[in-house]
Amino acid sequence: MTTASQESARWARRFVPAAERAPVRLLCLPHAGGSASYFHPLARLLDTRVDVLAVQYPGRQDRRLEACIDDIRVLADAAFEALRPVLDRPVALFGHSMGATLGFELARRIEAADEANPVRLFASGRRAPATQGGDLVHRFDDDRLLGELASLSGTDVRVLGDEEMMRSVLPAIRADYKAAESYRLTEQVRLRCPITALAGDADPKASLDDVRAWQRHTTAEFDLRVYPGGHFFLAEHGQAIVQLITEQLTVCTA
């Protein structure tokens, strides 16, 4: 029988063990096709100031034999149940692209449970929930889907050049895109926690107006930060984003 702590460990990766004693946790949620390892550089830069737990979705890396989940709400339900044991201290969420939408749904579940309200949601490189819909990348054939990934510059060129490897991960990528693109928010939903929205000024997937619309989804403070770059601007601004996270979480947990 799987225990709650074992299930939590299956879903979350801690790259800096000494950070476990930090006063605040940051749950990091990858983009479509991404994995927990995407947040390894961020965890190293934050060092022991924040306990970074990067979420590993089913169907990739060490979970590659598990069935992928192609529905944001189902994924949020599963992640929430698995991650309950790590909600024992102040927790923030950082999601990039699809991960931002998942972070929003996960924050909703945490707030509804009244177990440990999130101290902040960092929504990066993603349109606000109320503005989403209309994309059909998940219906592309394999070659066109690979071209989409290459155009966004978020996949290691060594992986893109390995056809066998790419074909093996395409099911997870397609499932993630379906989850992100089929998501709809039909009701007006506002979190109680503050939201910080991060955007690349040349992001083809999230205009500044659509990112700014995250303001509609909180009753608390809203902050918009814009950085030079495209959809994966995070890679170019690691130090600045670490400083932002540190400052805002220090205020939240003071």
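A few points on the structure. Quick caveat: nothing in here was measured; it's all calculated off a predicted structure.

To continue, consider the overall build of the chain. In terms of helices and strands, the chain carries nine helices and seven strands. Looking at the chain residue by residue over its 254 residues, the buried ones come to 52%. Counting contacts in the chain only where the partners sit at least 6 residues apart, residues at least 24 apart contribute 81% of the total. With an accessible surface of roughly 11300 Å², the chain has 50% of that area assigned to carbon and sulfur atoms.

Once that is clear, we can look at the packing of helix α3 (residues 72–83) against helix α4 (residues 98–113). Here α3 crosses α4 at 55 degrees, and the two axes come no closer than 9 Å. What the angle tells us is that α3 and α4 run oblique. With respect to the hand of their crossing, α3 and α4 are arranged in right-handed fashion. Facing α3, whose interface residues are Ile72, Arg73, Leu75, Ala76, Asp77, Ala79, Phe80 and Leu83, α4 presents Met98, Thr101, Leu102, Glu105, Leu106, Arg109, Ile110 and Ala113. Of the residues that constitute the contact of α3 with α4, the class distribution is eleven nonpolar, one polar and four charged.

Now for the packing of helix α1 (residues 4–11) against α3. The interhelical angle for the contact between α1 and α3, taken along N-to-C directions, is 130 degrees, at an axis separation of 7 Å. Comparing their axes, α3 and α1 come out oblique. For the pair α1 and α3, contact is made by Ala4, Glu7, Ser8 and Trp11 and by Leu75, Ala78, Ala79, Ala82 and Leu83, respectively.

Let's shift gears to the pattern of salt bridges. Counting across every chain of the model gives 18 salt bridges. Here Arg84 makes a salt bridge to Glu81, at a shortest N to O gap of 3.6 Å. The partly exposed category is assigned to Glu81, whose relative accessible area is 48%. We note a salt bridge from Arg225 to Asp223, for which the minimum N-O separation is 2.8 Å. Several salt bridges share partner residues, and in doing so they unite Arg14, Glu20, Arg25, Asp51, Asp88 and Arg89 into one network.

With that settled, the discussion passes to the nonpolar core. Among the nonpolar cores identified, the biggest contains 52 residues, and Leu27, Leu83, Met98, Phe104, Leu106, Leu121 and Trp214 are the most heavily contacted of them. Once you skip the residues sitting within four places of it in the chain, Trp214 turns out to touch Ala100, Phe104, Leu121, Ala123, Arg126, Arg127, Ala128, Pro129, Ile195, Ala197 and Phe222. Grouped together as the second largest cluster of nonpolar side chains are 27 residues, Ala43, Val52, Val119 and Ile245 included.

Further remarks concern the pairing of strand β4 (residues 91–96). For β4, the tally of buried residues reaches six of six residues, placing the bulk of the element in the interior. The two faces of β4 match: Val91, Leu93 and Gly95 on one face and Ala92, Phe94 and His96 on the other face are all buried. Looking at chain direction, strand β2 (residues 25–29) and β4 are connected through five bridges and run parallel. Along β4, the bridge assignment pairs Leu27 with Leu93.

So, on to the sheet that holds β2. Hydrogen bonding along the main chain pairs the strands of a sheet, whether they run parallel or antiparallel. Sheet architecture is open: seven strands sit in the order β1-β3-β2-β4-β5-β6-β7, paired in mixed fashion. Only two strands of the sheet have a single neighbouring strand rather than two, namely β1 (12–13) and β7 (222–227). Pairing geometry for strand β5 (residues 120–124) and strand β6 (residues 195–200), over four bridges, is parallel. By the bridge assignment, Leu121 is partnered in β6 with Ile195. Across the face of the sheet, α4 comes into contact with β2, β4 and β5 while running at roughly 150 degrees to β4.

Below, the discussion takes up the side chain of Arg25. Within the secondary structure layout, Arg25 lies in strand β2. Accessibility expressed as a relative area gives 4% for Arg25, which makes it buried. Within the local environment of Arg25, its side chain forms a polar contact with the side chain of Asp88, the two groups lying 2.5 Å apart. Once you skip the residues sitting within four places of it in the chain, Arg25 turns out to touch Arg14, Glu20, Val50, Asp51, Leu53, Val86, Asp88, Arg89, Pro90, Val91 and Ala92.

Before going further, it helps to spend a moment on the environment of Phe222. By the element assignment, Phe222 lies in strand β7. Aside from chain neighbours lying at most four places away, what touches Phe222 is Ile195, Ala197, Val211, Arg212, Trp214 and Gln215.

What counts as what
- Residues numbered from 1 in each chain as written.
- Predicted model: local features only at pLDDT ≥ 70, side-chain atom pairs only at ≥ 80, totals over all residues.
- Heavy atoms only, no water.
- Helix = DSSP H or I, 4+ residues; strand = E, 2+ residues; numbered from the N terminus.
- Buried < 20%, exposed > 50% of the residue type's maximum accessible area, 1.4 Å probe, protein only.
- Contact = heavy atoms within 4.5 Å.
- Areas by Shrake-Rupley, 256 points an atom, 1.4 Å probe, with all protein chains shown as cover.
- Axes fitted to C-alpha atoms, helices over the stretch in contact; angles between N-to-C directions.
- Parallel < 35°, antiparallel > 145°, perpendicular 65-115°, else oblique.
- Left-handed = near helix turned anticlockwise from the far one by under 90°.
- Nonpolar A, V, L, I, M, F, W, Y, C, P; charged D, E, K, R; others polar.
- Salt bridge = Lys/Arg side-chain N within 4 Å of Asp/Glu carboxyl O.
- Core = buried A, V, L, I, M, F, W, Y, C linked by side-chain atoms within 4.5 Å.
- Pairing = 2+ DSSP bridges.
- Polar contact = N/O pair within 3.5 Å; in protein donor to acceptor, adjacent residues only side chain to side chain.

These results come straight from atomic positions and should not be treated as a statement about function.
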